[in-house]
Amino acid sequence: MTEDMHEERLHAAEAFGNAVGLSGQLERDILSSDMSAFKAANPDAAFEDFIRWHSPGDWVSEDKSDGNPTWPPKGRLSQRMSEHGNMWRKIWNDAPALPVSEQKSLLDSVREGEKVVHYLETLRPQQLLEQMVCTAFKSSADILNKTTYGGFKLMKTKMDQLYATMVSTLRSLQGKSDTSDLAGDLKRLCQVFEHIEKLLIFAASVHRKLDAPRLAQSIFTDYFNYYLPKMGTSLESICYEKEFTTKEKVGTLEREAVSSLFRPPTANQSWRKVLSMGNLLNGHEPIQREIVFSVLEKLSNGHYSSPTPLCTDEQIETHRMYICGTSNDLWIALSVTSWD
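Read on for an overview of the structure. The structure displayed is predicted, hence computed values, not measured ones.

The rules behind the values
- Residues numbered from 1 in each chain as written.
- Predicted model: local features only at pLDDT ≥ 70, side-chain atom pairs only at ≥ 80, totals over all residues.
- Heavy atoms only, no water.
- Helix = DSSP H or I, 4+ residues; strand = E, 2+ residues; numbered from the N terminus.
- Buried < 20%, exposed > 50% of the residue type's maximum accessible area, 1.4 Å probe, protein only.
- Contact = heavy atoms within 4.5 Å.
- Areas by Shrake-Rupley, 256 points an atom, 1.4 Å probe, with all protein chains shown as cover.
- Core = buried A, V, L, I, M, F, W, Y, C linked by side-chain atoms within 4.5 Å.
- Axes fitted to C-alpha atoms, helices over the stretch in contact; angles between N-to-C directions.
- Parallel < 35°, antiparallel > 145°, perpendicular 65-115°, else oblique.
- Left-handed = near helix turned anticlockwise from the far one by under 90°.
- Salt bridge = Lys/Arg side-chain N within 4 Å of Asp/Glu carboxyl O.
- Patch = residues over 30% accessible without salt bridge, like charges linked within 9 Å, V, L, I, M, F, W, Y side chains within 5 Å.
- Expected span 1.5 Å × (residues − 1).
- Nonpolar A, V, L, I, M, F, W, Y, C, P; charged D, E, K, R; others polar.
- Phe/Tyr/Trp six-rings, centres within 6.5 Å; stacked < 30°, edge-to-face > 60°.

**Re the overall build of the chain**
Within the chain, the secondary structure is distributed over 12 helices and 5 strands. For the chain, the proportion of its 340 residues judged to be buried stands at 28%. Considering only residue pairs separated by 6 or more positions, the chain has 52% of its internal contacts joining residues 24 or more positions apart. Accessible surface, the chain: about 23800 Å² in total, of which carbon and sulfur atoms supply 55%.

Have a look at this one:
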């Protein structure tokens, strides 16, 4: 048995006592080893002390003090630990006080190694292939699943589908001597892994680089919807390189996250050129800009307020000016005034 199997059996022994789990000699030896080490570290300890440390669930505390526990602790053993002839108490009475360094090893490493070698020598090639393939795919899927991608629902659905596809494909390997269709099935599964991996890389990249959940979700959704129909079951690799032209409105609280994607200009770059329209993206020139000036008539009596009273206080006088400028010139393409 493997170490994790021993741990499971030991936990079962702790939970069920004499009923199940303690029938194996190995579990008895492990429990005896723990008791011996506990006795060596605590020479005056009693069986109740070991239970409180090793199996707290079998100790019923009766200490009613508020924040200041008394010593020795007030309480009693659980019913199963208090039964006459309890196996745990018998092992405690027989266990000598020995530290772990002086105890005999519980396992014979040479014998266990010979068992492993014998198992590998007598293992059929088909069984070995089954174990290797299943382990490789399961490990790969778990590595992908540990990637942080911001909780995109579409990506989560695809990861769940990956596990379902993997289970249905690899199940055909179990106890199957005819492997004529195995290569095709594994190739299709590899293709599914390729699609999921590339989607996951993009999702993780957007999540890490863009600290704006709404924008990140929208960008990934566009990417996902474009490539989903192309994934299908084709064995041909898909070209994932595409430039998207979809425009997303950036909110006020999202501007800082977007501007952080642009590296500041180096000393060799011309600040006179990059700052011609302002330094909103770490000195990078924006493609276009719209500047909107709005004046509330009921709040402004200044130079730019309308001389003609408006019919309602809720109307807003808006001036829009479309310009093209450099560090030396400013061209006005259109100037519009409207009442909204």
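**Quick word on the nonpolar core**
Phe137, Met155, Leu170 and Phe193 are the most contacted members of the largest nonpolar core, which totals 32 residues. Secondary structure elements with two or more residues in this core: helix 7 (125–145), helix 8 (153–170), helix 9 (182–209), helix 10 (213–231) and helix 11 (255–259). The dominant element in this core, judged by the number of residues it contributes, is helix 9, at 9 residues. The residues contacting Phe193, other than those within four sequence positions of it, are Phe137, Ser140, Ala141, Leu144, Leu162 and Met166. Leu31, Phe38, Trp59 and Leu77 belong to the second-largest nonpolar core, a separate cluster that totals 13 residues.

**Quick word on the packing of helix 9 against helix 10**
Contact geometry of helix 9 with helix 10 gives a least axis separation of 10 Å together with a crossing angle of 165 degrees. Considered as vectors, helix 9 and helix 10 are oriented roughly antiparallel to each other. The two elements helix 9 and helix 10 cross, and the hand of that crossing is right-handed. Seen from helix 9, the contacting residues are His195, Lys198, Leu199, Phe202, Ala203 and Val206; seen from helix 10, they are Ala216, Ile219, Phe220, Tyr223, Phe224 and Met231.

**Some points on the pattern of salt bridges**
This structure, assessed with the given rule, holds 10 salt bridges. Between Lys156 and Asp160 there is a salt bridge, and its shortest N-O distance comes to 3.1 Å. Placement of the pair is Lys156 and Asp160 together in helix 8, with a separation of 4 residues, close to one helical turn. Classification of Asp160 by relative accessible area gives partly exposed; the value is 43%. Arg188 is the salt-bridge partner of Asp185, the closest N and O atoms lying 2.7 Å from each other. Within this pair, Asp185 and its partner Arg188 are both found in helix 9, separated by 3 residues, close to a single helical turn.

**Observations concerning the environment of Lys230**
Inspection of the secondary structure puts Lys230 in helix 10. Each C-alpha atom of the pair Lys230 and His195 lies 10.0 Å from the other, and the pair is 35 residues apart in sequence.

**Topic: a nonpolar patch on the surface**
A surface patch of nonpolar side chains, amounting to about 300 Å² of accessible area, comprises Val116, Tyr119 and Leu120. As for its placement among the helices and strands, Leu120 is situated in helix 6 (residues 109–122).

**Comments concerning helix 10**
The terminal C-alpha atoms of helix 10, which comprises 19 residues, lie 26 Å apart, in line with the 27 Å expected from a rise of 1.5 Å per residue. Considered for burial, the residues of helix 10 that qualify are Leu215, Ala216, Ser218, Phe220, Tyr223, Phe224, Tyr227 and Met231. At its buried positions, helix 10 is contacted by helix 8, helix 9 and helix 11.

**Focus: the side chain of Ser78**
Within the secondary structure, Ser78 sits in the loop between strand 2 (75–77) and helix 4 (79–82). Contact partners of Ser78, with chain neighbours within four places excluded, come to Asp58 and Val60.

**Structural notes on the environment of Met321**
With respect to the element layout, Met321 can be found in strand 4 (residues 316–325). Sequence separation of Met321 and Thr337 is 16 residues, and the distance between their C-alpha atoms is 8.7 Å.

**Notes on the packing of helix 2 (residues 25–41) against helix 5 (residues 87–94)**
Between helix 2 and helix 5, whose axes approach to 9 Å, the crossing angle comes to 55 degrees. With respect to helix 5, the element helix 2 is oriented oblique. Both helix 2 and helix 5 take part in a crossing whose hand is right-handed. Across from Arg28, Leu31, Ser32, Met35, Phe38 and Lys39 in helix 2, the residues of helix 5 making contact are Met87, Trp88, Ile91, Trp92 and Asn93. Its residues assigned to classes, the contact of helix 2 with helix 5 shows 7 nonpolar, 2 polar and 2 charged.

**Here's the deal with the environment of Leu182**
If you trace the backbone, Leu182 turns up in helix 9. Here Leu182 falls in the buried class, since its relative accessible area comes to 13%. In this view, Leu182 contacts Leu129 and Leu173; residues no more than four positions away in its chain are not counted.

**Let's talk about the packing of aromatic side chains**
Geometry of an aromatic ring pair is reported as the spacing of the ring centres plus the angle between the planes. One pass over the structure, following the stated rule, counts 13 aromatic pairs. With a centroid separation of 4.8 Å and an interplanar angle of 85 degrees, the aromatic rings of Tyr226 and Tyr227 are classed as edge-to-face. Classification of Tyr226 by relative accessible area gives partly exposed; the value is 32%. The exposure class assigned to Tyr227 is buried, which follows from its relative accessible area of 1%.

Read these as layout, nothing more, since geometry by itself doesn't imply function.
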